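Summary of structural features
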Amino acid sequence: MINGKPKILGVYFSASTEPSLIKENWSEKIENILRIIKTWERRNPTLYGKIILAKTLLLSQLSYILQALAIPKITLNYINSIVYRFLWKRKYNNKKAFEKIKRSVLNLKLEEGGLTMINVEHQQRMFLAKWASKFVAEDRDRSFWTLLAKEQMSPFTNIHCTFNANIAPNEIQGLDKMKSAFWKEVLKATTALNTERQVENTRTEPIWNNKNIKYKGKTIFFTRWAKAGINYLQDLWTTGNLMTYEQIKDIVGSHAGLVLEYNALINAIPNEWKAEMNRDPTQHTVGHEINTDRGFLSTLHNKTIREIINKKQNHDICASQFWKRNLDININDYFTTAPDCTKNQD
């Protein structure tokens, strides 16, 4: 116990502060990283050797805590600065290092021109997205922990619909009302993976926080509507007809602003989607669980998530552009030449 905070399964807890915001949960890990760096800097390893050390000895100090908590971004940036400073400085100190290769390039696979380095912020986002993947996989069995997670993710009631949001994290409506800082970060990490999700079935498109459904340039989220079971586009149609205001009022309940909400939402839905839904006579019960695209999240692996995150970064390789522009030579084919030459030949 430290400062009245009990330690349970390697994590400090407090009655007044969420574990993800308790600095004792990561301060000791950072001290261990600095101590390991001082041990190895005297041996002057190569860049590739330092990357191996960073992944095996430095970042491994944080693996457990990254899976259990959502460490604040300012702390993740500080850890990143420590690790990358170790890569580029012969002797570690607090001065900024001159990084000769962009971090986004360094994180790429060998065949893409990188050295498979790991960004700790990306690692955190990967573990957070895995929590969403676990939730989707286990919620069908109504696991006890998923029921607790749903409570923490209020005001979002249909979590599967929420995880399918396809907008940037800073555009999510309703995020400020969430109780848990941890699950807030899980939702942000998950939606960041979905920004390029394509529309496959108009009927099962989420209404809330959908980049294709915007009013005055902003996505929409109405808490009362979501709690009443209106979450997917098909929840607004019955037997090929868009629900009237009176029908919506019977479901959601009368309240001030309902007329404005109804008109804003109807106007925000793309006309081609309305036409498609009007041609579909399928009967649907509002709030009934539907078979949405859960496969994307439920089948994601750590490596796949990290690759998706890396691809979203700016990783233009200047050397490739230089050789292509001046000598019309594509050096991308030679990225793995050096590593291949060091492999044992049978």
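Quick caveat, the model's predicted, so the values are computed rather than measured.

Among the secondary structure elements, serine 20 is positioned in the loop between strand 2 (11-12) and helix 1 (24-41). A residue is classified by how much of its surface remains accessible, and serine 20, at 2% relative accessible area, is buried. Within the structure, the side chain of serine 20 is placed 3.0 Å from the backbone nitrogen of alanine 70, a separation counted as a polar contact.

Below, the discussion takes up the confidence of the model for the protein. Summing up the model confidence of the protein, the mean pLDDT is 86 and the portion of residues at 70 or higher is 92%. The weakest mean pLDDT in the protein belongs to helix 14 (residues 295-298) at 59; the strongest belongs to helix 12 (residues 258-268) at 95. Counting interchain partners and residues more than four positions distant, the pLDDT-below-50 stretch residues 291-295 has eight contacts.

With that settled, the discussion passes to the environment of tryptophan 40. Positionally, tryptophan 40 belongs in helix 1. The class of tryptophan 40 is partly exposed, set by a relative accessible area of 25%. With 74 residues separating them in the primary sequence, tryptophan 40 and glycine 114 have C-alpha atoms 23 Å apart. With residues up to four places along the chain from it excluded, the contact list for tryptophan 40 reads Pro45, Leu53 and Leu57.

Right, let's talk about a nonpolar patch on the surface for a bit. On the surface, a cluster of nonpolar side chains totalling about 510 Å² of accessible area is made up of Phe322, Trp323, Leu327, Ile329 and Tyr334. Secondary-structure assignment places leucine 327 in helix 16 (residues 318-327).

Core analysis: the largest hydrophobic core is formed by 42 residues, its most contacted members being Phe163, Trp208, Trp225, Leu236, Ile248 and Leu265. Elements represented by at least two residues in this core include exactly helix 6 (120-138), helix 8 (159-163), helix 9 (181-193), helix 10 (223-227), helix 11 (245-252), helix 12 and helix 13 (271-278). Not counting the four nearest positions on each side in its chain, leucine 236 is found in contact with Ile207, Trp225, Ile230, Asn241, Leu242, Met243, Ile248, Leu265 and Ile269. Leu58, Leu59, Met117 and Ile305 belong to the second-largest nonpolar core, a separate cluster that totals 36 residues.

Here the focus is the packing of helix 6 against helix 9. What describes two packed helices is the angle between their axes and the distance between those same axes. Viewed as axis vectors pointing N to C, helix 6 and helix 9 meet at an angle of 95°, and their least axial separation amounts to 8 Å. Classified by the interaxial angle, the pair formed by helix 6 and helix 9 is roughly perpendicular. Where helix 6 approaches helix 9, its residues Arg125, Leu128, Ala129, Trp131 and Ala132 are matched on the opposing element by Phe182, Trp183, Glu185, Val186, Ala189, Thr190, Ala192 and Leu193. When its residues are assigned to classes, the contact of helix 6 with helix 9 shows 10 nonpolar, one polar and two charged.

This part is about the pattern of salt bridges. Oppositely charged side chains are able to pair whenever their charged atoms sit close together. On inspection of all chains with the given rule, the structure shows nine salt bridges. Salt-bridge contacts for lysine 5 lead to glutamate 24; the nearest nitrogen and oxygen are separated by 3.7 Å. In this pair, lysine 5 sits in the segment before strand 1 (7-8) while glutamate 24 sits in helix 1, placing the two residues 19 residues apart along the sequence. Overall, lysine 5 belongs to the buried group, its relative accessible area being 17%. Glutamate 151 serves as the salt-bridge partner of lysine 179, at 2.8 Å between the closest nitrogen and oxygen. Within this pair, whereas lysine 179 is found in the loop between helix 8 and helix 9, its partner glutamate 151 is found in helix 7 (residues 144-152), the two being separated by 28 residues in sequence. Here lysine 179 falls in the exposed class, since its relative accessible area comes to 52%. Classification of glutamate 151 by relative accessible area gives partly exposed; the value is 45%.

Quick notes on the rules
- Residues numbered from 1 in each chain as written.
- Predicted model: local features only at pLDDT ≥ 70, side-chain atom pairs only at ≥ 80, totals over all residues.
- Heavy atoms only, no water.
- Helix = DSSP H or I, 4+ residues; strand = E, 2+ residues; numbered from the N terminus.
- Buried < 20%, exposed > 50% of the residue type's maximum accessible area, 1.4 Å probe, protein only.
- Polar contact = N/O pair within 3.5 Å; in protein donor to acceptor, adjacent residues only side chain to side chain.
- pLDDT = per-residue confidence, 0-100.
- Contact = heavy atoms within 4.5 Å.
- Patch = residues over 30% accessible without salt bridge, like charges linked within 9 Å, V, L, I, M, F, W, Y side chains within 5 Å.
- Areas by Shrake-Rupley, 256 points an atom, 1.4 Å probe, with all protein chains shown as cover.
- Salt bridge = Lys/Arg side-chain N within 4 Å of Asp/Glu carboxyl O.
- Core = buried A, V, L, I, M, F, W, Y, C linked by side-chain atoms within 4.5 Å.
- Axes fitted to C-alpha atoms, helices over the stretch in contact; angles between N-to-C directions.
- Parallel < 35°, antiparallel > 145°, perpendicular 65-115°, else oblique.
- Nonpolar A, V, L, I, M, F, W, Y, C, P; charged D, E, K, R; others polar.

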